[in-house]
Amino acid sequence: MSTKAVASKAATSLAPPDILVRAALDAVRKLDPRLLAKNPVIFVTEVVAALVTVLFLRDFAAGQPVMFTGQIMAWLWFTVLFANFAEAVAEGRGRAQAESLKRARTDAVARRIDDIKTRERYAKVSALDLKVGDLVLVSAGELIPGDGEIVDGIASVNEAAITGESAPVIRESGGDRSAVTGGTTVVSDEIVVRITAAAGSSFLDRMIALVEGAERQKTPNEIALTILLVGMTLIFLITVVSLYGLGLYGGTELSVPVLVALLVTLIPTTIGGLLSAIGIAGMDRLVRHNVLAMSGRAVEAAGDVDTLLLDKTGTITFGNRMATEIIPVPGVSEREVLEAALLASLADETAEGRSIVALVRDKLGLATGEAPAGAHFVPFSAATRISGVDVDGRRLRKGAVDSVRRFAAEIAGRGLVEPAEYNAAVDRIARSGGTPLGLAADGRLLGVIHLKDVVKPDIKERFAELRRMGIRTVMVTGDNPVTAAAIASEAGVDDFIAEATPQDKLNYIRNEQRQGRLVAMCGDGTNDAPALAQADVGVAMQSGTQAAREAGNMVDLDSDPTKLIEIVGIGKQLLMTRGSLTTFSIANDVAKYFAILPALFIVAIPELGVLNVMGLSTPQSAILSAVIFNALIIIALIPLALRGVTYTPASAASVLSRNLLIYGLGGIIVPFIGIKLVDMVVTAIGLS
Amino acid sequence: MTSNGWLQIIVIFAVVILSAIPLGRFMARVYAGERTILGVLLGPVERGLYRLAGVDPAREQGWLAYTLSMLAFNAAGVLLLFAILRLQGLLPWNPQGFAGLTPDLAFNTAVSFVTNTNWQAYAGEATMSNFSQMVGLTVQNFLSAATGLALAIALVRGFARSGAKGVGNFFVDATRSTLYILLPLAFVTALALVAMGMPQTLDGSVAATTLDGAQQTISIGPVASQIAIKQLGTNGGGFFNANAAHPFENPTALANMLQVWQMLVVSVAVVFAFGQLIGDKRQGHAILAAMMILLVVGVAVAYWAEAAGTPTLAQAGLDPSGGNMEGKEVRFGLALSALWAAVTTGLSCGAVNAMHGSFTPIGGLVPLVLIKLGEILPGGVGSGLYGMLVMAIIAVFVAGLMVGRTPEYLGKKIEAKEVKMAVLATLVMPIFVLGFSAVAAVLPGPLAGVGNAGPHGLSEILYAYASGTGNNGSAFASLSANTPWWNTTLGLAMLAGRFAYIVPMMAIAGSLVAKTRLAASSGTFPTHGPLFVGLLIGVIVILGGLQFFPAFALGPIAEQVQMLAGKTF
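Rules used in this analysis
By convention here, each chain's residues receive numbers from 1 onward along its written sequence. The order in which chains are written sets their letters, starting at A; the order in which ligands are written sets their numbers, starting at 1. Local features in a predicted model are, by the rule used here, given only for residues with pLDDT of at least 70; side-chain atom pairs are given and counted only at 80 or more, and totals for whole chains, interfaces and linings are based on all residues. Side-chain numbers here rest on the full set of heavy atoms in the structure, without hydrogens or water. By the criteria applied, helices consist of DSSP H or I runs no shorter than four residues and strands consist of E runs no shorter than two, each listed in order from the N terminus. Between buried and exposed lies partly exposed: a residue is buried under 20% and exposed over 50% of the maximum accessible area for its type, with that area taken using a 1.4 Å probe on protein chains only. Pairs of residues are marked as contacts when any of their non-hydrogen atoms sit within 4.5 Å. Only the protein chains shown count as cover for residues, with accessible areas throughout obtained via the Shrake-Rupley method and a probe of 1.4 Å. Each radius of gyration reported is based on C-alpha atoms, and the globular scaling rule is 2.2 Å times the count of residues to the power 0.38. Charged residues are defined here as Lys and Arg on the positive side and Asp and Glu on the negative side; His and the ends of the chain fall outside this count. Every charge is mapped onto a representative atom, which is NZ of Lys, CZ of Arg, CG of Asp or CD of Glu. Take the accessible area each of two parts loses on contact, using a 1.4 Å probe, and add the two losses: that sum is the buried area. By salt bridge we mean one thing: a side-chain nitrogen of Lys or Arg within 4 Å of a carboxyl oxygen of Asp or Glu. Residue classes follow a fixed rule: Ala, Val, Leu, Ile, Met, Phe, Trp, Tyr, Cys and Pro count as nonpolar, while Asp, Glu, Lys and Arg count as charged, and any other residue, Gly among them, counts as polar. Values of pLDDT, ranging from 0 to 100, describe the predictor's confidence in every residue of the model. Strands qualify as paired when DSSP identifies two bridges or more between them. Inter-axis angles, ranging from 0 to 180 degrees, are taken between N-to-C directions of lines fitted to C-alpha atoms, where helices are fitted over the stretch in contact. Patches were defined on residues exceeding 30% relative accessible area and lacking a salt bridge, with like-charge contacts within 9 Å and nonpolar side-chain contacts (Val, Leu, Ile, Met, Phe, Trp, Tyr) within 5 Å. Expected helix span is given by 1.5 Å per residue-to-residue step, counting one fewer step than there are residues. Cavity means a closed set of points on a 1 Å grid over the protein atoms alone, one where a 1.4 Å probe fits but cannot get out, pocket means an open set with protein on both sides within 12 Å along at least 5 of 7 lines, and lining means a residue has an atom within 4 Å of a point. Grid points are joined across faces, edges and corners, and a volume is the space filled by probe spheres set on the points. Two rings from Phe, Tyr or Trp (for Trp, the six-membered ring) form a pair when their centres are within 6.5 Å of each other. A pair whose planes differ by under 30 degrees is stacked, one over 60 is edge-to-face, and the rest are tilted. Any Lys NZ or Arg CZ found within 6 Å of a ring centre and within 35 degrees of that ring's normal is scored as a charge over the ring. Just so you know how the angles are binned, under 35 degrees is roughly parallel, over 145 roughly antiparallel, 65 to 115 roughly perpendicular, and the rest oblique. Crossing handedness is read from the near helix: turned anticlockwise from the far helix by less than a right angle, it gives a left-handed crossing, and turned clockwise, a right-handed one.

Student: Can you walk me through the overall build of chain A in this structure?
Tutor: The helix and strand tally for chain A stands at 25 helices and 22 strands. Counting only C-alpha atoms and orienting by the principal axes, one finds that chain A spans roughly 115 × 60 × 50 Å. Counting over 688 residues, chain A shows a buried share of 56%. A separation of at least 24 residues holds for 70% of the contacts in chain A among residues at least 6 apart in sequence. Split by element, the accessible area of chain A, about 26700 Å² in all, is 59% carbon and sulfur.

Student: Quick question: what am I supposed to make of the overall build of chain B here?
Tutor: Helix and strand counts for chain B come out as 19 helices and 4 strands. The globule rule puts the C-alpha radius of gyration for 569 residues at 25 Å, and the 23 Å found for chain B is close to it. Taking the principal axes of its C-alpha atoms as reference, chain B extends roughly 75 × 55 × 45 Å. For chain B, with 569 residues in total, the buried portion stands at 63%. When contacts within chain B are restricted to residue pairs at least 6 apart in sequence, those whose partners lie at least 24 apart make up 78%. Charge-centre separation for chain B: the mean point of 26 positive side chains lies 15 Å from the mean point of 21 negative side chains.

Student: How should I be thinking about the interface of chain A and chain B in this particular structure?
Tutor: When the parts of a complex come together, some accessible area is lost, and that lost area is often taken as the interface size. Taken together, the contact pairs 60 residues of chain A with 60 residues of chain B. With both chains or domains summed, chain A and chain B bury close to 4900 Å², and 77% of this area falls on carbon and sulfur atoms. Area buried by chain A at its contact with chain B is led by Leu246, Tyr249 and Leu656 of chain A, which between them contribute 16% of it. Across the chain A-chain B interface, the total number found is 2 salt bridges. Ionic pairing is found between Arg405 of chain B and Asp306 of chain A, a salt bridge with its closest N-O pair at 3.0 Å. Here the element with the most residues in the side of chain A that touches chain B is helix α8 (residues 220–249) of chain A; it accounts for 20 residues. Counted by class, the side of chain A that touches chain B contains 34 nonpolar, 17 polar and 9 charged residues.

Student: I tried to follow the confidence of the model for chain A on my own but got confused; where do I start?
Tutor: Detailed reading of the predicted coordinates is not advisable wherever pLDDT is low. Residue and element names in this part refer to chain A. Chain-level statistics for chain A give a pLDDT mean of 86 and a share of 95% at 70 or above. No element of chain A has a lower mean pLDDT than helix α1 (residues 3–12), at 39, and none a higher one than helix α4 (residues 40–61), at 96. For the stretch residues 1–12, pLDDT sits under 50, and the model shows 19 contacts to residues farther than four places along the chain or on other chains.

Student: Sorry, what's going on with the pattern of salt bridges here?
Tutor: Oppositely charged side chains may form a pair once their charged atoms are brought near each other. Residue and element names in this part refer to chain A. All chains considered together, the criterion is met by 46 salt bridges over all chains. With a shortest N-O distance of 2.3 Å, Asp152 and Arg119 are connected by a salt bridge. One end of the pair, Asp152, is in strand β4 (residues 148–152); the other, Arg119, is in the loop between β1 (109–113) and β2 (122–126), with 33 residues separating them in the sequence. With a relative accessible area of 28%, Asp152 lands in the partly exposed category. A salt bridge links Lys398 to Asp348; the nearest nitrogen and oxygen atoms lie 2.7 Å apart. Placement of the pair is Lys398 in strand β15 (residues 394–400) and Asp348 in the loop between α13 (334–345) and α14 (351–364), with a sequence separation of 50 residues. Residue classification places Asp348 among the buried residues on the basis of a relative accessible area of 16%.

Student: What is the right way to read the sheet that holds strand β5 (residues 154–158) of chain A from this model?
Tutor: Strand pairing in a sheet takes place through backbone hydrogen bonds and is either antiparallel or parallel in direction. Residues and elements named next belong to chain A. If you trace the 3 strands from one edge of the open sheet to the other, you get β6-β5-β8, paired in antiparallel fashion. Looking at strand neighbours, the two that pair on one side only are β6 (169–172) and β8 (185–188), the edges of this open sheet. Averaged over all adjacent pairs, the angle separating strand axes in this sheet is 50 degrees, with direction ignored. Examined bridge by bridge, β5 and β6 share 4 bridges and lie antiparallel to one another. Bridge pairing links Val157 to Val169 in β6.

Student: Is there a simple way to think about the pairing of β15 of chain A in this case?
Tutor: Two faces make up the sheet, and in a regular strand the side chains alternate between them. Residue and element names in this part refer to chain A. Summarising burial for β15: 5 of the 7 residues are buried, a large majority. Here strand β14 (residues 386–391) hands over to β15 after 2 residues, with Asp392 in that stretch at a positive phi of 50 degrees. Bridge analysis of β15 against strand β16 (residues 435–441) gives 5 bridges, and the strand direction is antiparallel. If you follow Gly399 over to β16, its bridge partner there is Gly438.

Student: Explain the environment of Phe463 of chain A here, please?
Tutor: All names here are of chain A. If you trace the backbone, Phe463 turns up in helix α17 (residues 459–468). When the C-alpha atoms of Phe463 and Val493 are compared, they prove to be 6.5 Å apart, with 30 residues separating the residues in sequence. With residues near it in sequence (within four places) discarded, Phe463 still touches Leu310, Ile316, Thr473, Ala491, Gly492, Val493 and Ile565.

Student: It is not clear to me how a nonpolar patch on the surface should be interpreted in this structure. Could you clarify?
Tutor: All names here are of chain A. Where nonpolar side chains cluster on the molecular surface, the patch consists of Leu661, Ile662, Leu665, Ile669, Ile673, Leu677 and Met680 and spans about 660 Å² of accessible area. In this fold, Ile669 is placed in helix α25 (residues 652–684). Ile669 gets classed as partly exposed once you look at its relative accessible area, which sits at 43%.

Student: Would you explain the sheet that holds strand β19 (residues 495–497) of chain A in this entry?
Tutor: Residue and element names in this part refer to chain A. Overall, mixed pairing links the 7 strands, which are arranged β10-β22-β21-β20-β11-β18-β19 in an open sheet. Each of the sheet's edge strands pairs with one partner strand only, and the pair in question is β10 (291–293) and β19. In this sheet, adjacent strand axes meet at a mean angle of 20 degrees when their direction is disregarded. Strand direction decides the pairing type here: β10 and strand β22 (residues 554–556), joined by 3 bridges, are antiparallel. Along β22, the bridge assignment pairs Leu292 with Val555.

Student: When you look at helix α10 (residues 281–308) of chain B in this model, what are you seeing that I'm missing?
Tutor: Along an α-helix, a turn takes 3.6 residues, which lines up residues three or four apart on a common side. Along its 28 residues, α10 of chain B runs 40 Å from first to last C-alpha, staying within 8% of the 40 Å computed at 1.5 Å per residue. One or two positions beyond α10 of chain B, positive phi appears at Gly309 of chain B, with a value near 70 degrees.

Student: Any chance you could explain helix α14 (residues 383–400) of chain B here in plain terms?
Tutor: The end-to-end C-alpha distance of α14 of chain B, which contains 18 residues, comes to 24 Å, matching closely the 26 Å that a straight helix rising 1.5 Å per residue would cover. With 18 of 18 residues buried, α14 of chain B lies mostly within the body of the structure.

Student: What should I look at first to understand the layout of surface pockets in this one?
Tutor: Left-over empty space is what a probe sized like a water molecule reveals as it rolls over the atoms. Estimated volume of the largest pocket: approximately 570 Å³. Together, 21 residues line the largest pocket, and Val369, Val541, Gly545, Phe549 and Phe552 of chain B are the ones closest to its centre. If you list the elements that add at least two residues to the lining of the largest pocket, you get α23 (589–601) of chain A together with α10, α13 (361–372) and α19 (530–564) of chain B. Sort the elements by how many residues they give to the lining of the largest pocket and α19 of chain B lands first, with 8 residues.

Student: I'm lost on the packing of aromatic side chains in this one. Help?
Tutor: In this description, a pair of aromatic rings is defined by centroid distance and the angle of the planes. Taken as a whole and judged by the stated rule, the model has 23 aromatic pairs over all chains. These aromatic residues form a ring-pair network of at least three members: Tyr593, Phe594 and Phe672 of chain A together with Phe549 of chain B. Positioned above the aromatic ring of Tyr122 of chain A, the side-chain terminus of Arg111 of chain A is 5.1 Å from the ring centre. Sitting over the ring of Phe359 of chain B, Lys328 of chain B keeps its end group 4.3 Å from the ring centre.

Student: Help me understand the confidence of the model for chain B, please; the structure alone is not making it clear to me.
Tutor: All names here are of chain B. The predicted model of chain B has a mean per-residue pLDDT of 91, with 100% of residues at 70 or higher. Looking over chain B, one finds the lowest element-wise mean pLDDT in helix α11 (residues 311–315), namely 78, and the highest in helix α3 (residues 63–86), namely 97. The ipTM value of the predicted complex is 0.92, and its pTM value is 0.86.

Student: When you look at the environment of Ile596 of chain A in this model, what are you seeing that I'm missing?
Tutor: Residue and element names in this part refer to chain A. Within the secondary structure, Ile596 sits in helix α23. With relative accessibility at 0%, the residue Ile596 sits in the buried group. Distance from Ile596 to Asp402, taken between C-alpha atoms, is 85 Å for residues 194 residues apart in sequence. Contact partners of Ile596, with chain neighbours within four places excluded, come to Ala261, Leu262, Thr265, Ile623 and Ala626.

Student: So what exactly am I meant to see when it comes to empty space enclosed by the protein here?
Tutor: Residue and element names in this part refer to chain B. The full count for this structure, using the stated rule, is 7 cavities of 30 Å³ or more. Size it by volume and the largest cavity reaches roughly 390 Å³. Forming the boundary of the largest cavity are 27 residues, of which Gly374, Glu375, Ile376, Met429 and Tyr501 lie nearest the centre. In terms of residue count, the dominant contributor to the lining of the largest cavity is α14 (6 residues).

Student: Help me out: how do you make sense of the packing of helix α6 (residues 130–160) of chain B against helix α8 (residues 223–232) of chain B in this one?
Tutor: Relative placement of two packed helices is described by the angle separating their axes and the distance separating the axes. All names here are of chain B. Their axes nearest at 9 Å, the elements α6 and α8 cross at an angle of 20 degrees. Here α6 lies roughly parallel to α8, going by the angle between them. Handedness of the α6/α8 crossing: left-handed. On the side of α6, the interface is formed by Gln133, Leu137, Thr138, Asn141 and Phe142, while α8 contributes Ser225, Gln226, Ile229 and Lys230. Its residues placed into classes, the contact of α6 with α8 shows 3 nonpolar, 5 polar and 1 charged.

Rendered as structure tokens:
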């Protein structure tokens, strides 16, 4: 699904040179054992590197040959540095984004008022001193000093600082578009904002902290994996330490640098070194999709999602119903009904109204439809549920079927003619999932306009993809069950909730969770908040209310409900990358044994030379090559860790067999070739 | 290798699997507390036992209570057996008048039989009275096997139940294991063994006059009753020192085949019971397939290595086509000896019908490897299944991430707690095998007991600790293990190998049982079918192999390559 987008975005700027330079410096700074202790595998590597360094210095002072020990020592330090570098590059990419966000962070002066009514009397305070509950006045051209909710007024706001989208959006008090974000700019009008987040904990602050990775905590799965890596490190520590005793029995006293070399090549330094980079890159990938996850836990949960609750409007359909046909009743010509529909809709600026105009123009071949002089337009109101025009003494109305009938009946009284074809058309349209609109001229019913929810063209394939991945899709809509069922079958979702109330959504989520399923949903309204909080992955729209944004564990800055599908993909890709590199790292050990073991005991037991299947030139070069390969593979895999493994939606079984082949079998074979190549280079330039 | 040899091997495996299917179904019913014919017959006995012991069979235990009950029960078993062995001289049924055992040997033996290891640092016919054999050792043969079965079922319940607290009641599970499964099977097969010529008497010995007129005293005793459960419970502790190579302990080729069947049948059946209890037989089949494939590979390698013999034998003027018959009974031949060697170590039985120490280096490597892979192929009764499930958890965790979901096995999410406990359990083997071996390999005291020089001596040491920690009990002969060092360290290795593994395993059961069992979808990591079987085999071989490859390289592998180069010690 999002593979192409992810890949291309990442490939173009995997890491600009300035980030690499900074990362190289950070890699050295991260040698501080206190920082490294959170990464046990690399910490162990650093400890043994320090041990070998001490031995190197001792031998050097004693004037003994140190060429071999020195090289081992250098590559051990490189191993640690490379691991640090991987993390630093990942952090650096996030930091670059944080820098641009920080520029938006405001230290502006805010105008604090005591009351909406007395807004002329304001006190100038620093934005940093604002407290939750303060009211501030923001006029055109000013920065909004903090996160808050508009309590009075309407304004267009430029949110480019957060979303990157420069077209201003409308924000107004009341309703679902009342939230404003600190650091965005009011473009027109004046609003009063009640501050809802203290300085330092605002949305922007959290966003900066997230992309910087400063607050990064290990996610549950990362913790579990770290435990496994620690366990493997312990096992190999036992193996290597006991080998000293077993070696003595066989007549070989193994030196410490050699044992350390064996240890470091066996412990999972590859995945240990790349683990945090993978996690940071996963968050970063979300940010590049303009989605902010409030925790890494949420990103992992996204990969586990079993059920997606998708709003019909905007996700499955284009969101606007469009007129697709206009059916006249018997006795009314097609031309008459089309012209009546056109006139009744000319002043209707809603998407439905415009689609009627477009349809009629198309059918009649008109270039424009001019409003006749003297026309008096009747706008739509929620009370009457009809709109139309009074022109040439005729009253043309269109609107909800029963409202139009009531309008006609009031004029025609008992004489209202209700043709059977009219009712049949209404029924047919409703059954097919469309919305019928009645059209009347005074007391005469003219025909029915068919408004149709147009399902997005590619959505059915995407749902099929999701189904292959074992994810159920559920459409949520306010439509009646008949309409909902029709659209559901057209779009190919697995289930739907019709006439959905917020409570219905919440119940549905709870029910799914009781059956052991993880649920993801998106929402924007205040009444979505409980469901957003209940869902395992709740994506709030940036355009939504503050309550929704607080309740969800992700915010989509583009306010695009389709994004949910991408978010699931990113979560899966993160886990896949982690699993693939772990498998690769462990599989690598096979070759390293064949490199190092014969080298260790070749003097006491020359016959063990048969294990030297790679034909490495000397024992020393064999050990050195394994250590060098072990260090270089970290660097080689940094791009993969940052980009994530290739992800195509498919069933778990086929994904598994593919990844097992590449990273399992590949993990066994690659180091045989790699170590041999390194050995050839090492021998050629005479390092051993 | 001959086709006749392979035929014998295939027939035994086929009979085992065919008979394990109904037995597994029966076991599942027994543990679920459903009605069975035996339940009707023996139900009053079962209920009487609970009343006697004051156990409420309806009361479920959490994992900790279950584990503590098991530990207390086993500790009592060790104390009782220790007392019997120490006081043997004062107890009845001692026709040969054997004295009590030394403290270190009594400790070693008591631990050995309670942990289902049956490592024997003594010669049975010259050490144990009939009372010790029957009341001491045979009783623990039953109880240690019942303990293993109970624990396995507790772990299976951890997977099968959703959002529960209890994992069963240890006393109920152990009683049912003994009463309905082990006792009836042992009873029937003991009679069969007697029919095949195995002694069953309270006499101590018979006197015989040999062909050249010399007087000979031949030890006998209640052999069949002990051998039946020794094999069925994968205990392996022989009545006689020569174990199943002794004519009284393994009288005919048919008896030999029956005993291989006995070793395997319960361990295989419990895997079928597992599939039944979690409501998805395919899961059981996948686990069994992984076990059997590795076991058959083990059998094949051992058979091939023994049949190929060694260049040394050929140089000594022997017909190389006869293979390596050193240390093997002519009655059983190469195929059945290789089969037995692999089965007894793939299981945690440890009974032997040939001397593993006399195998060719590669042939001897097979039992060593099988023990170190964790004795899960198919493993001891119960212990094989829970060992395999811990492996499956690790396999699913490592590779499961590759499908892009938090790994789950049998509908349970595998998270930090499970991984931590699985890792703890996995650490037991390397710590006690490699740790003790490395120390023993450099200390002059322990080394004095090692019978061979060169790599073979190292193999003896590695084998002893692997056998102890893995609760196998077989030995690479010619290690003189009845010294305080070996008795004590092997006793500790046996205790750790059993209980230090069980406690984290049960913690996993406790953590799993509380989790909601998730519904499977096409996005779920598939844990049945060939892909998972292959993955599981890969993880077992790579994880086990990586830990022990250096040690093997210095022991059996070094011996093999040196032998091929004509170097002997």
